[in-house]
Amino acid sequence: MTTRKDRATAEDVTKFLEGNILKLPSGSYHADCFTCKVCKTNLGGTPISLDDNDEIYCSKDYDRLFAVKCGACRQPIVPTSGQTTAQRLRALGQDFHPECFKCKTCGLILEDGCYPLDKKPFCMECFEERLNTC
């Protein structure tokens with residue numbers, strides 16, 4: 001048995017979507033309902049991100065949940081304020097912020113390459129020391 005609650009007429013849908021409506025390929029939203037899935041902040045007029053299920057996120061929450069994480073500090077690798085791209089270094093099967101890719105022994109930032117040993121990055125000096133002590 002179908003009840004009134006189970007049926008939606010064109011008139012009902014129009015009532016639900018009256019007013020200021022935001023339309024995305026994934027659906028239509030009242031302006032007041034257009035919020036981040038995580039923090040519930042209203043996202044009208046701001047950049048948004050959608051996940052694979054078309055859930056809506058503010059940029060900060062999307063990056064925190066889905067962005068590539070740095071192999072050293074474990075923080076998301078995302079553009080800094082005012083930028084559209086993020087610098088990322090790929091080495092030893094991981095991604096790093098360039099400033100986080102450091103020698104495991106002395107902490108030198110490895111801007112000019114690394115000398116890997118046991119899947120860990122070393123500067124040339126520390127690498128040679130380790131080889132000489134083996």
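What you see is a predicted model, and the numbers here were worked out from it, not measured in a lab.

(A) Main features of the overall build of the protein chain. The secondary structure content of the protein chain amounts to three helices and six strands. The linear arrangement of helices and strands in the protein chain, starting from the amino end, is α-β-β-β-β-α-β-β-α. Across the 134 residues that make up the protein chain, the buried fraction comes to 22%. Element-wise, carbon and sulfur atoms account for 50% of the exposed surface of the protein chain, whose accessible area totals about 10,000 Å².

(B) Highlighting the side chain of D61. Relative to the assigned elements, D61 resides in helix α2 (residues 59-66). Apart from residues lying up to four places away in sequence, D61 is in contact with C36, V38 and C39.

(C) Focus on unusual backbone geometry. Even without a glycine there, the phi angle at D54 is positive, about 65 degrees. Although it is not a glycine, D118 sits at a positive phi angle of roughly 55 degrees. You can call D118 exposed: its relative accessible area is 69%.

(D) Up close: the nonpolar core. Residues C70, I77, A91, F96, C100, F101, C103, L110, F122, C123, C126 and F127 constitute the largest nonpolar core, which totals 12 residues. The residues contacting C100, other than those within four sequence positions of it, are C70, A72 and C73.

(E) Layout of the layout of surface pockets. Roughly 160 Å³ of internal volume is contained in the largest pocket. Every residue along the wall of the largest pocket is listed here: I77, V78, P79, T80, Q83, T85, A86, Q87, H97, P98 and E99.

(F) Up close: a nonpolar patch on the surface. Side chains of V38, L65 and F66 sit close together on the surface and give an oily, nonpolar patch of about 240 Å² of accessible area. Along the chain, the position of L65 falls in helix α2.

(G) Local environment of the packing of aromatic side chains. For the structure on display, the rule yields six aromatic pairs. Arranged with centres 6.0 Å apart and planes meeting at 65 degrees, the rings of Y57 and Y62 form a pair that is edge-to-face. Joined through ring pairs, the aromatic side chains of Y57, Y62 and F66 make up one cluster.

(H) Representation of the pattern of salt bridges in the model. On inspection of all chains with the given rule, the structure shows three salt bridges. One salt bridge connects D61 with R64, and the closest N-O pair in it is separated by 3.2 Å. With D61 and R64 both in helix α2, this residue pair falls three residues apart, about one helical turn. Classification of D61 as buried rests on a relative accessible area of 7%. You can call R64 partly exposed: its relative accessible area is 44%. As a salt-bridge pair, R88 and D95 come within 3.4 Å of each other at their nearest N and O atoms.

(I) Expanded view of the pairing of strand β2 (residues 27-30). As judged from the four bridges shared by strand β1 (residues 21-24) and β2, these two strands associate in the antiparallel manner. Its bridge partner lying in β2, K23 is registered against S28. In sequence, β1 turns back onto β2 through a hairpin of two residues.

Calculation rules
Residues numbered from 1 in each chain as written. Predicted model: local features only at pLDDT ≥ 70, side-chain atom pairs only at ≥ 80, totals over all residues. Heavy atoms only, no water. Helix = DSSP H or I, 4+ residues; strand = E, 2+ residues; numbered from the N terminus. Buried < 20%, exposed > 50% of the residue type's maximum accessible area, 1.4 Å probe, protein only. Areas by Shrake-Rupley, 256 points an atom, 1.4 Å probe, with all protein chains shown as cover. Contact = heavy atoms within 4.5 Å. Core = buried A, V, L, I, M, F, W, Y, C linked by side-chain atoms within 4.5 Å. 1 Å grid on protein atoms, 1.4 Å probe; cavity = no way out; pocket = protein on both sides within 12 Å on 5 of 7 lines; lining within 4 Å. Points joined across faces, edges and corners; volume = space filled by probe spheres on them. Patch = residues over 30% accessible without salt bridge, like charges linked within 9 Å, V, L, I, M, F, W, Y side chains within 5 Å. Salt bridge = Lys/Arg side-chain N within 4 Å of Asp/Glu carboxyl O. Phe/Tyr/Trp six-rings, centres within 6.5 Å; stacked < 30°, edge-to-face > 60°. Pairing = 2+ DSSP bridges.

Shape descriptors only; they carry no functional weight alone.
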